[in-house]
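Residue-level structure breakdown
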Amino acid sequence: MPIMQNAPSARPIALITGITGQDGSYLTELLLSKGYEVHGLVWRPSDLDISFIKPLANNPEITGKTLFFHYGDLADGQTLRRTFQEVTPQEVYHLGGQSHVGRSFEIPESTCEEVGMASLRLLESSRALAGSVKIYLASTAEVFGAAAETPQTEETKFRPTSPYGCAKAFMTQISRVYRESYGIFVCNGILYNHESPRRGEAFVTRKITRTVAAIKLGLADKLTLGNTQSRRDWGHAQDYVRAMWMMLQHSRPDDYIVATGVTHSVQEFVEAAFAVVGLPWEKYLVTDSALERRLEPTQLVGNPAKIQQTLGWRAGHSFEELVREMVQADLADLASKNAEAVPSK
Ligand code: NAP
Ligand code: GDD
């Protein structure tokens, strides 16, 4: 797939790192619908062919006109600076990096490098840019870890329980220093779990909906999970990327919790997903302690009052709608792939 250079534009210009991920793909659609010129940093070129950005990347009406891709690894400060200078973005959405909490225990150094140091590099690149650039950083509920209070607010103390959470805590705190020292317009979205049919299959919700759909279609016979009593504050990714954009439209940079304020257990998610396909979960669910984490955060639930009152943000999807949408999307996807695999007579 060709990588296009940008042409002069009267549109607002945004740069997205992690454009091929769940949030990156939804954010790209949102910004294009608002008339932006969007530039995406692509880490591995093959990603374009397999990610949810593919329909946009393959659309000649969009790619090379309002959507552009640039190769770049977040570990490479030179490339990052050059991309900033070429693109001269007004808004930067930094979503790229290793995002799996469990995996961060296996690869702590690269996680801290990609999540922590890369964010510092990005702040430095922004500082070198002439003019004003607004930056969104993808912080997370994981910074609260063994949470000091429930629900958490923007004032809750950071007590991360994973290498990933530690790296995001560094990112959040160093960006506050840059905001106060250099006057950089940088916002941290402290986002709680958000899901969609585009969620990576290594995360629990998508693992559940994919497997439930496969069981319904006769392609699998069990769902194996780790800790099913674990609770999360789950929202819909489309609502959460809208929150990212809203933060950068405000007159003042600040940090915001983005959450629903309601938690459900993994077990409840499983039951809701099996209910969509009308199968008894008891028959298929298996637990395996090997899938449990060394340490889990406790009581992660966010209080979204500040973003609701300051920016007027509201979550637009219920838990039940989210589960249904994900199961139905996996049913449709697996059914079409299965039909492709069976030659027609
Ligand atoms: P995701 O689907 O895992 O997307 C992450 C993106 O970053 C992918 O495009 C990935 O490419 C890219 N990436 C990984 N390592 C990179 C590197 N070294 N250089 C450049 N790009 C790299 O994650 P998401 O759910 O969209 O989340 C977006 C951001 O929000 C992440 O930073 C995540 O930590 C944070 N966050 C997510 C949630 C959530 O519930 N989804 C909540 C709070 C915060 P590959 O696909 O090739 O790896
Ligand atoms: N992934 C996974 N796979 N998780 C499982 C499984 C399994 O087979 N079985 C049980 N779980 C439990 C995990 O132990 C955890 O308690 C919970 O399900 C959610 O796990 P994930 O879906 O992997 O998400 P996460 O909460 O660890 O992290 C996500 O949310 C964070 C924000 O709170 C990620 O998107 C992070 O990037 C994000 O920052």
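Residues numbered from 1 in each chain as written. Chains lettered and ligands numbered in written order. Predicted model: local features only at pLDDT ≥ 70, side-chain atom pairs only at ≥ 80, totals over all residues. Heavy atoms only, no water.

Some remarks on the overall build of the protein
Within the protein, the secondary structure is distributed over 12 helices and 13 strands. Against the compact-globule benchmark of 20 Å for 345 residues, the protein has a radius of gyration of 20 Å, which places it among compact chains. Projected onto its principal axes, the C-alpha positions of the protein cover 60 × 55 × 40 Å. At a minimum sequence separation of 6, the contacts of the protein that also span at least 24 residues come to 79%. Summed over its atoms, the accessible surface of the protein is roughly 15,300 Å², and 51% of this surface lies on carbon and sulfur atoms. Computed over 35 positive and 39 negative side-chain charges, the inter-centroid distance for the protein is 1 Å. (Helix = DSSP H or I, 4+ residues; strand = E, 2+ residues; numbered from the N terminus. Rg over C-alpha atoms; globule rule 2.2 N^0.38 Å. Contact = heavy atoms within 4.5 Å. Areas by Shrake-Rupley, 256 points an atom, 1.4 Å probe, with all protein chains shown as cover. Lys, Arg positive; Asp, Glu negative; His and termini not counted. Charge placed at Lys NZ, Arg CZ, Asp CG, Glu CD.)

Focus on the packing of aromatic side chains
Taken as a whole and assessed by the stated rule, the structure comprises 8 aromatic pairs. Ring plane angle 70° and centroid distance 5.8 Å describe the contact between phenylalanine 144 and phenylalanine 158, whose orientation is recorded as edge-to-face. Residue phenylalanine 144 is found in the loop between β5 (134-140) and α7 (163-182), and its partner phenylalanine 158 is found in the loop between β5 and α7; the two are separated by 14 residues along the sequence. Of the two residues, phenylalanine 144 and phenylalanine 158, neither departs from the other in class, the shared state being buried. A ring pair is formed by tryptophan 234 and phenylalanine 269, whose centres lie 5.3 Å apart and whose planes are at 65°; its orientation type is edge-to-face. Taken together, the positions of tryptophan 234 in the loop between β9 (231-232) and β10 (235-236) and phenylalanine 269 in helix α10 (residues 266-277) put the pair 35 residues apart, joining distant regions of the chain. The pair tryptophan 234 / phenylalanine 269 is uniform in exposure class, with both members buried. Grouped by ring-pair contacts, the aromatic residues Trp234, Phe269 and Phe319 constitute a single cluster. Over the ring of tyrosine 26 we find arginine 198; its NZ or CZ atom is 4.0 Å from the centre of that ring. (Phe/Tyr/Trp six-rings, centres within 6.5 Å; stacked < 30°, edge-to-face > 60°. Buried < 20%, exposed > 50% of the residue type's maximum accessible area, 1.4 Å probe, protein only. Lys NZ or Arg CZ within 6 Å of the ring centre and 35° of its normal.)

A few points about the site of ligand 2
In the vicinity of ligand 2, 21 residues are found, and the nearest of them are Ser99, Tyr164, Asn193, Ser230 and Glu296. A distance of 2.8 Å separates an oxygen atom of ligand 2 from a polar side-chain atom of arginine 199. In the model, a nitrogen atom of ligand 2 is placed 2.8 Å from a nitrogen or oxygen of the glycine 226 main chain. Within the complex, 94% of the 720 Å² of free accessible area of ligand 2 lies under protein. Taken together, the residues that form the shell around ligand 2 break down as 9 nonpolar, 7 polar and 5 charged. (Near = heavy atom within 4 Å. Polar contact = N/O pair within 3.5 Å; in protein donor to acceptor, adjacent residues only side chain to side chain. Nonpolar A, V, L, I, M, F, W, Y, C, P; charged D, E, K, R; others polar.)

A look at the pattern of salt bridges
Going through the model one piece at a time under the given rule, you end up with 15 salt bridges. For arginine 127, the salt bridge identified is with glutamate 124, shortest N-O distance 3.2 Å. Taken together, the positions of arginine 127 and glutamate 124, both in helix α6 (residues 108-128) and 3 residues apart, correspond to about one turn of that helix. Owing to a relative accessible area of 38%, arginine 127 belongs among the partly exposed residues under this scheme. Ionic pairing is found between arginine 232 and glutamate 296, a salt bridge with its closest N-O pair at 3.2 Å. In this pair, arginine 232 is assigned in strand β9 and glutamate 296 in the loop between β13 (285-287) and α11 (305-311), connecting sequence segments 64 residues apart. Residue class for glutamate 296 comes out partly exposed when judged on its relative accessible area of 23%. Shared partners join several salt bridges into a network, and the residues in it are Glu201, Arg206, Arg210, Asp330, Asp333 and Lys337. (Salt bridge = Lys/Arg side-chain N within 4 Å of Asp/Glu carboxyl O.)

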